[in-house]
Amino acid sequence: MKFMIRYLKPFAASMLAGLLIKTVGTLIELALPYILSYILDEIVPHDGRLSMIVAWGFGMIFCALVALVCNVKANRMASRVARDSARQIRHDLFSRTMTLSGRQIDAFTIPSLESRITTDTYNVHNFIGRIQRLGVRAPLLLMGGIVVTLMMDPFLSLVMLGVLPVIFGVVYFVSMKGVRLYTNMQRSVDGMIRVVREDVQGIRVIKALSKVQHEHARYDAVNKQLVRDEKKGSLTMGFVNPAMSLFMNLGITFVVLLGAYRVMGAKTEPGVIVAFTQYFTMISTATLSITRIFMMYTKSSASAKRIQEVVDAPKDLAVLPPETYPPRKEEGYIVFDDVCFSYNKKKDDLRHVSFSLSRGGTLGIIGATGSCKTTIVSLLMRLYDVDAGSIRIGGRDVRTIPEDVLHEKFGVALQNDFLYADTIEENIRFGRNIPHDMVVRAAETAQAAEFINALPEGYAHVLAQKAANLSGGQKQRLLIARALAAAPEILILDDSSSALDYKTDANLRCAIAESDILKNTTSVIVAQRVSSVMNSDVILVLEEGEIIGMGDHEQLLRECDVYREISASQMGGSFVE
């Protein structure tokens, strides 16, 4: 609850005004049965004039209209507070998600983060709106009804006072169990989102390999688990309303029976019994509303806790003061100094990696799948922190460089990067202040200009979701153009040309090497092809997280058996440019 209060504080004045209006409307509602009782027991028997009855009737209508206006106004204000506070929660949650470290994203998982931004924020939004609508009205109707009935007939009120503790006991017991059940249910939602996300991304492969039925079975498994968890939660929380209805109906029955007995004994008036049944109905409705509040709180508290875990997640990659790792004067622009790193903190995935690359040079990284090629790139961009050793850019340890300053240095194209449903130009520009001529120049360098100009709309051509209307090679060329567009200090191409044919790949490398705007750019190329890295100043050959060869192409052909074998298997040991 403290987490939600944090976001509701800016709306305190609006909430207070809404609660006051809601209080006025509820108190007027409470007066209506009493007025009816007064008409039946005082006006009709003793005065009997139609004009008085009509006057009091119009008075009841006026009170009902005032109560209606107050409730509508208060509900609209409550909706506004719920909307604006939920928007801020979603904003902060999304913002924090975007700044999580790689390790934190791995811990939360992408499907879980998606679920928190969607389902969990909806639960919190729903609770904030409902608590303002029912949080004042229901308790006022409950307590006010009890007070008025005690004043009218204390004896009959004892029936309600005997029923209410039983009801609240049931609600409290069930609500305490509900928090755990709803937390489990949200975990199952995470699992289902994960499977759906994987299948949507891999739908073409699934169809090509005729594995639709297999994926149906996998989805059914997580769906059934979600159904089981929902069933447990629904059955447990669904016990509350029938139990309450039973106790309240029993209470009303006893009130009618005892009331009839007291009327026959002239111990109370018929109007009191009529008013009493209305108050009992109000109290019953209020109690049901309070129960719904508990049920919503149970669900929203589980969701708020999951949201808070992300929003309040500690800053994992804090910028350290320069004194911690003082700057060095060294020849290398990018320096890895005895770097070790582990994803699970049990066994090093990357072991004792050291190399130096001069400004404007090119580093090629090659190796088998799982040899931690991408890990080196991730550490360079400080998506993770090293466990031992240091990484320096321009003599500064990356841990001492502010995040925005560090990331502005990079232009990045990854193999599985994304394109969104917008124009080609906006996908290359990517929200940066890059003029059209630089966008065109980047596309030309990335060998993308030819197919872009062939489109009827050219750079204004709108891509489908996930660029489904482009081929794999066209997507990669746009991603490379995006990386080149801002003329970065450091260009990272992580297996970003795997879908390109050898000729286009060769033309791309020549265009990058000959580009005037990229002449001072330091490049890091991760590839499976020897032809993509052979012209690099330094080539790293990785195997199981260790450097087993380092040097230029000719040196590695002489000294590294693994590199020589890769070269021979791909191109028969010779390369034609």
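This text goes with the structure placed above it.
Thresholds applied
Residues numbered from 1 in each chain as written. Predicted model: local features only at pLDDT ≥ 70, side-chain atom pairs only at ≥ 80, totals over all residues. Heavy atoms only, no water. Helix = DSSP H or I, 4+ residues; strand = E, 2+ residues; numbered from the N terminus. Rg over C-alpha atoms; globule rule 2.2 N^0.38 Å. Buried < 20%, exposed > 50% of the residue type's maximum accessible area, 1.4 Å probe, protein only. Contact = heavy atoms within 4.5 Å. Areas by Shrake-Rupley, 256 points an atom, 1.4 Å probe, with all protein chains shown as cover. Pairing = 2+ DSSP bridges. Axes fitted to C-alpha atoms, helices over the stretch in contact; angles between N-to-C directions. Core = buried A, V, L, I, M, F, W, Y, C linked by side-chain atoms within 4.5 Å. Patch = residues over 30% accessible without salt bridge, like charges linked within 9 Å, V, L, I, M, F, W, Y side chains within 5 Å. Salt bridge = Lys/Arg side-chain N within 4 Å of Asp/Glu carboxyl O. Lys, Arg positive; Asp, Glu negative; His and termini not counted. Charge placed at Lys NZ, Arg CZ, Asp CG, Glu CD. Parallel < 35°, antiparallel > 145°, perpendicular 65-115°, else oblique. Left-handed = near helix turned anticlockwise from the far one by under 90°. Nonpolar A, V, L, I, M, F, W, Y, C, P; charged D, E, K, R; others polar.

(A) Spotlight on the overall build of the protein. Looking only at helices and strands, one finds 20 helices and 10 strands in the protein. Over its C-alpha atoms the protein spans a radius of gyration of 35 Å, topping by over 25% the 25 Å that the globule rule assigns to 577 residues. Counting only C-alpha atoms, the protein reaches 115 × 60 × 50 Å along its principal axes. A total of 577 residues make up the protein; the buried ones form 47% of that total. Contacts spanning at least 24 positions in sequence make up 77% of the contacts within the protein whose residues lie at least 6 apart. When the accessible surface of the protein is totalled, it reaches about 28900 Å², and 60% of it is carbon and sulfur.

(B) How the structure looks around the environment of Phe108. Mapped onto the elements, Phe108 comes out in helix H4 (residues 102-108). Accessibility expressed as a relative area gives 17% for Phe108, which makes it buried. Put simply, Phe108 and Ala17 are 91 residues apart on the chain and 39 Å apart in space, counted from C-alpha to C-alpha.

(C) Examining the sheet that holds strand S8 (residues 522-527) more closely. Here 6 strands make up an open sheet; going across it, the order is S6-S7-S8-S3-S9-S10 and the pairing mixed. Each edge of the sheet is formed by a strand with only one pairing partner; in this case those strands are strand S6 (410-414) and strand S10 (546-551). Shown here is a sheet whose adjacent strand axes are inclined to one another by a mean of 15°, direction ignored. As judged from the 5 bridges shared by strand S7 (residues 490-494) and S8, these two strands associate in the parallel manner. Bridge pairing in S8 links Asp494 to Val526.

(D) Looking closely at the nonpolar core. Ranked by internal contacts, the top residues of the largest apolar core, which has 32 residues, are Ile334, Phe336, Ile376 and Leu380. At the level of elements, strand S1 (334-341), strand S2 (350-357), strand S3 (362-367), helix H11 (373-380), strand S4 (388-393), S7, S8 and strand S9 (538-543) are the ones that each hand at least two residues to this core. In terms of nonpolar packing, the next biggest core, distinct from the first, is built from 31 residues, Phe451, Leu470, Leu508 and Leu518 among them.

(E) Spatial organisation of a positive patch on the surface. On the surface, Lys177, Arg180, Lys224, Arg228 and Lys232 cluster together into a positively charged patch. Counting residues per element, the ones that place at least two in the positive patch are helix H6 (154-201) and helix H8 (212-238). Mapped onto the secondary structure, Lys232 falls in helix H8. Using a relative accessible area of 51% as the deciding quantity, one classes Lys232 as exposed.

(F) Inspection of the environment of Asp220 at higher detail. Relative to the elements of secondary structure, Asp220 occurs in helix H8. When the C-alpha positions of Asp220 and Ser51 are compared, they lie 70 Å apart, and in sequence the two are 169 residues distant.

(G) Representation of the packing of helix H3 (residues 50-99) against helix H5 (residues 110-152). H5 packs onto H3 with a crossing angle of 155° between their chain directions and a minimal axis gap of 9 Å. Comparing the axis directions of H3 and H5 gives the class roughly antiparallel. Relative to H5, H3 is oriented so that their crossing is right-handed. Partitioning the contact of H3 with H5 into residue classes produces 11 nonpolar, 9 polar and 5 charged.

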